[in-house]
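Geometric and topological summary
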Number of protein chains: 2
Amino acid sequence: MNTPRYTELLQSLPATVPFVGPEAHMRAAGRPFAARLGANESGFGPSPRAVAAMQAAASDVWMYGDSECHDLRHALAAYHGVGAENIIIGEGIDGLLGLVVRMLVDKGDPVVTSDGAYPTFNYHVAGFGGVLHKVPYRDDHQDPAALLTRAEETGAKLLYFCNPDNPMGSWHSARIVQRMIDAVPDGTLLVLDEAYVDAAPDGTAPALNPDDARVIRMRTFSKLYGMAGLRVGYAIGAAPLIAMFDRIRNHFGMGRIAQAGALAALQDQAWLAHVQAQLDRARAHLAQIAADNGLHALPSATNFVTMDCGRDGDFARALLRELMARDVFVRMPFVAPMDRCIRVSAGPEADLQVFARVLPEALRACA
Amino acid sequence: MNTPRYTELLQSLPATVPFVGPEAHMRAAGRPFAARLGANESGFGPSPRAVAAMQAAASDVWMYGDSECHDLRHALAAYHGVGAENIIIGEGIDGLLGLVVRMLVDKGDPVVTSDGAYPTFNYHVAGFGGVLHKVPYRDDHQDPAALLTRAEETGAKLLYFCNPDNPMGSWHSARIVQRMIDAVPDGTLLVLDEAYVDAAPDGTAPALNPDDARVIRMRTFSKLYGMAGLRVGYAIGAAPLIAMFDRIRNHFGMGRIAQAGALAALQDQAWLAHVQAQLDRARAHLAQIAADNGLHALPSATNFVTMDCGRDGDFARALLRELMARDVFVRMPFVAPMDRCIRVSAGPEADLQVFARVLPEALRACA
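Thresholds, definitions, all that
- Chains are numbered independently. Their residues run from 1 in the order of the written sequence.
- In the order they appear in the text, chains get letters beginning with A and ligands get numbers beginning with 1.
- For a predicted model such as this one, the threshold for reporting local features is a pLDDT of at least 70, and the threshold for listing and counting side-chain atom pairs is 80 or more; totals across whole chains, interfaces and linings nevertheless cover every residue.
- With hydrogens and water excluded, all non-hydrogen atoms of the structure serve as input to the side-chain values.
- Strand pairing is assigned whenever DSSP identifies at least 2 bridges connecting the two strands.
- Numbering of helices and strands runs from the N terminus, with a helix taken as a DSSP run of H or I at least four residues long and a strand as a DSSP run of E at least two residues long.
- Throughout, a contact is declared for two residues whenever any of their heavy atoms are within 4.5 Å.
- Fitted lines through C-alpha atoms serve as axes, helices being fitted only where they are in contact, and the angles separating the N-to-C directions of these axes extend from 0 to 180 degrees.
- When the copies are superposed, the least-squares fit draws on C-alpha atoms of residues that have pLDDT of at least 70 in both.
- Only protein chains enter the accessibility calculation, which uses a 1.4 Å probe; a residue is then buried when its area is under 20% of its type maximum, exposed when over 50%, and partly exposed in between.
- Two N or O atoms form a polar contact when they lie within 3.5 Å of each other; inside protein one atom must be a possible hydrogen donor and the other a possible acceptor, and for residues adjacent in sequence the pair counts only when both atoms belong to side chains.
- The rule for a salt bridge is simple: a side-chain nitrogen of Lys or Arg has to be within 4 Å of a carboxyl oxygen of Asp or Glu.
- By definition here, a helix of n residues has an expected span of 1.5 Å times n minus one.
- Charge convention: Lys and Arg are scored as positive, Asp and Glu as negative, and His as well as the terminal groups of each chain are ignored.
- These domain limits were set by an automatic method or by a database of domain assignments.
- Reported buried area values correspond to the accessible surface (1.4 Å probe) lost by two parts on association, with both partners' losses combined.
- Throughout, the term roughly parallel applies to angles under 35 degrees, roughly antiparallel to angles over 145, roughly perpendicular to angles from 65 to 115, and oblique to all others.

Residue and element names in this part refer to chain A. Ordered by their spatial adjacency, three strands build an open sheet running β9-β10-β12, and the pairing between neighbours is antiparallel. With partners counted over all chains shown, the strands left at the sheet margins are β9 (296-297) and β12 (341-345), one partner each. Where β9 meets strand β10 (residues 304-308), two bridges bridge the pair, whose relative direction is antiparallel. Looking at β10, one finds that Ala-297 is bridged to Met-307. In this fold helix α11 (residues 269-292) packs onto β9, β10 and β12, with an angle of close to 15° to the strand it touches most, β10.

Structural data, given as structure tokens:
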């Protein structure tokens, strides 16, 4: 029988996925979660105005979405004080990361990231045949100086940097990030993933400079805007870079409900402020729960709190299993030494109470 | 200033898009369409149950969609009598075509299609550096024998075949398509795009054989199901082929509203039958409008009617311009001799009446 002649690259890729999704965990357990705190979703939900906009758009879904995402793109441009030609909208940051890797990375091309940073970026680099060079975290932070050095040494085409950081919740100041942008080696593009920036203190994001060709900045409606299941992310960059996406992207890939929902969410900044206030309380509560149980909550500029369990990765993995066995969905860093921690999304009070109740049992079970 | 080092392939690609979208046309005109009949959308709309399901899912959109699309995939498997392992769901057929090209096509690899067939497939082939070999249509139909011969001669990795055909609305019988599948050369994968199959007479689609590794079949919720703006397509194929998508796809790319809406639409087959009945009437009406104006409607197994204007491409292009100038959005085939035609989506009666009123004026204007 005929067999398709896959590319050598495809055949070399592993049959793995970056993350096992929450629904797959629930199906495996055979029951729903008692608390869904593992995927850094926003349990505070989307703006009611965005919900209304999505519901209104549902009956218009027979029409393709605008292939130019004109209204959303112009609204984002006005919001950020840049030109519409500086913004590209895509199927989440995940989708945009795939495109930017495809735009720059040929087989064998070097790419630099931190060892333990976003697996989906690594997945895309592998998927286009790039060679990943990984720099260790330093004191639970990505290490700008070491990343720049490695980019210089390897001649990296892309340098991935997530600020604030997932999975540690740590962050660098705008001043340090701007110094990093200014020091990016010639021929390297800095991918500055700012998915969590709406959860960070003022002074975390450097000023946007749409003429700066050294950096592309990624933002999303998945986190603080509470629309992970809508799949809308965007990137801000120099116009010639942004124009390149049009050569390869799925032009009609942004649906009509997605565009309407994201636009309404952007226009409801009061909801974003409301979520930020809820988030502050939730992070404080999670820190208290950690302390009550002899764990140490790391400072967080994200919508999750990473908790140092004070022992090794095996212990944290055992704790995670015990939490999951009690229907509390949380995740943890994959790479040592950060894998001494668990990562808990800052969700609604009811979920945090479940976590507070279950955590002591889970800790006892793996003592 | 630093410039990103794009791949040679990306730099070689043109800055074009497969289609100018309807919204872009409206923005250029500065006013809405009087009749939207150009993108083969379903003006009959989606199932009211699907609308309700999408509206209900809107407030759950803070959660990522199921990365395995479990419920929709299993429902589709049951509907088609195949295994869930034979189905992959993606961001429209457009998204899936991009993935299947990426899976098989390396720079310089040969691919065969018909000259004038789906431009978005060609766009993806170019985007991965494949070399397109185009076979002429024969009597306004794709030519299975010539396509197979060319695939054999060129050693094509992919052979694209759309049945029923866009842009001509023509079709081949299941018997002929099955003979084509049986004759696919070793080492060629037949991409059988059946986007319009729900609009075709019985006996158009060959029986599904999920063990047949020679063909992958593409279906969509964009056409008869009336959900073009939701972005849900799927492919049916042999399990080893389907599994390959997991190595490169955007795992969380299918949103929560999209999965819920498509599932509800699939479960409302009565709505599909209702649309099919409306469609029959609309096609007949369009054929009558064509005849009333001295044009010849070609037989259609799709949700549009292609009309032979009886002259050359320049005349049809002029007619298209005159129709567009009168706010009637229609399209036409790009390639001669099919570009003697215009292509009109079979929409609701009100739109067809606008078309019927405007067509004589437009014809007079280009006489």
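Text resumes after the structure shown.
Now for the relation of the copies chain A and chain B. Rotating chain A by 180° and moving it 0.0 Å along the rotation axis overlays it on chain B with an RMSD of 0.0 Å. Interpreted geometrically, this transformation is the action of a two-fold axis. Among all residues of chain A, the one whose C-alpha sits closest to the rotation axis is A:Gln55, at a distance of 2.3 Å. A share of 100% of interface residues in chain A that are also interface residues in chain B marks the association as one of identical surfaces.

Residue and element names in this part refer to chain A. The topology assignment puts Tyr-160 in strand β5 (residues 158-162). Judged by relative accessible area, which is 0%, Tyr-160 ranks as buried. Taking the C-alpha atoms as reference points, Tyr-160 and Gly-253, 93 residues apart in sequence, are found 25 Å from one another. Of note is the side chain of Tyr-160, whose polar atom sits 2.6 Å from the side chain of Asp-193.

Turning next to the pattern of salt bridges. This structure, assessed with the given rule, holds 44 salt bridges over all chains. Between A:Glu68 and B:Arg27 there is a salt bridge whose closest N-O contact spans 2.9 Å. Of this pair, A:Glu68 sits in the loop between α3 (48-58) and α4 (70-80) while B:Arg27 sits in helix α2 (residues 22-29), which puts the two residues in different chains. Looking at A:Glu68, the relative accessible area reads 34%, which means it is partly exposed. In this structure, the salt-bridge partner of A:Arg150 is A:Glu153, at a minimum N-O distance of 3.8 Å. Linking A:Arg150 with A:Glu153, this pair stays in helix α7 (residues 144-154), spanning three residues, or about one helical turn. Overall, the relative accessible area of 60% leaves A:Glu153 in the exposed class. Among the ionic contacts, a cluster of salt bridges with common partners joins A:Glu23, A:Arg36, A:Glu41 and B:Arg256.

All names here are of chain B. With 13 residues, helix α12 (residues 313-325) extends 18 Å from end C-alpha to end C-alpha; this agrees with the ideal 18 Å at 1.5 Å per step. Among the residues of α12, Gly-313, Phe-315, Ala-316, Ala-318, Leu-319, Leu-320 and Leu-323 are the ones counted as buried. Contact partners of the buried residues in α12: β11 (328-329), β12 (341-345) and α13 (349-365). For α12, the side-chain oxygen to backbone nitrogen distance between the N-cap and Asp-314 is 3.3 Å, and the N-cap itself is Asp-312. Just downstream of α12 lies Asp-327, where phi reads positive at about 65°.

Turning to the side chain of B:Asp165, a few remarks are in order. Residue and element names in this part refer to chain B. With respect to the element layout, Asp-165 can be found in the loop between β5 (158-162) and α8 (174-182). As a buried residue without a salt bridge, Asp-165 has its nearest oppositely charged side chain in Arg-343, at a separation of 8.8 Å. Every residue in contact with Asp-165, bar those within four places of it in the chain, is listed here: Tyr-137, Gln-142, Ser-170, Thr-302 and Phe-304.

Turning next to the domain arrangement of chain A. Residue and element names in this part refer to chain A. Once the domains are mapped, chain A shows domain 1 (20-45 + 270-365) and domain 2 (48-267). Taken over C-alpha atoms, the centre of domain 1 sits 25 Å from the centre of domain 2. In this complex, domain 1 contributes 26 residues to the contact, which on the side of domain 2 involves 24 residues. Of all residues in domain 1, Leu-272, Ala-301 and Met-338 bury the most surface against domain 2, accounting for 29% of the area lost on that side. Where domain 1 packs against domain 2, one counts one salt bridge. A salt bridge links Arg-340 to Asp-140; the shortest N-O distance between them is 2.6 Å.

In this section: the pairing of strand β6 (residues 189-193) of chain A. Looking down a regular strand, the side chains alternate between one sheet face and the other. Residue and element names in this part refer to chain A. Along β6, five of the five residues are buried, which leaves the element largely enclosed by surrounding structure. Of the two faces of β6, the one lined by Leu-189, Val-191 and Asp-193 and the one lined by Leu-190 and Leu-192 are each fully buried. Taken together, the five bridges between β5 and β6 define a ladder with parallel strand orientation. Paired with Leu-159 across the two strands is Leu-190, which belongs to β6.

With that out of the way, let us pick up the packing of α11(A) against helix α13 (residues 349-365) of chain A. All names here are of chain A. Across the interface, α11 lies against α13 with an axial gap of 10 Å and an inter-helix angle of 5°. In this view, α11 runs roughly parallel relative to α13, as classed from their interaxial angle. Between α11 and α13, the contacting residues are Ala-282, His-285, Leu-286 and Ile-289 on the first element and Glu-349, Leu-352, Phe-355, Ala-356 and Leu-359 on the second.

This paragraph deals with the environment of B:Met218. Residues and elements named next belong to chain B. Its location among the elements puts Met-218 in strand β7 (residues 215-220). Taking the C-alpha atoms as reference points, Met-218 and Val-197, 21 residues apart in sequence, are found 9.8 Å from one another. Not counting the four nearest positions on each side in its chain, Met-218 is found in contact with Ile-93, Leu-96, Leu-97, Val-100, Val-191, Leu-192, Asp-193, Glu-194, Ala-195, Tyr-234 and Ala-235.

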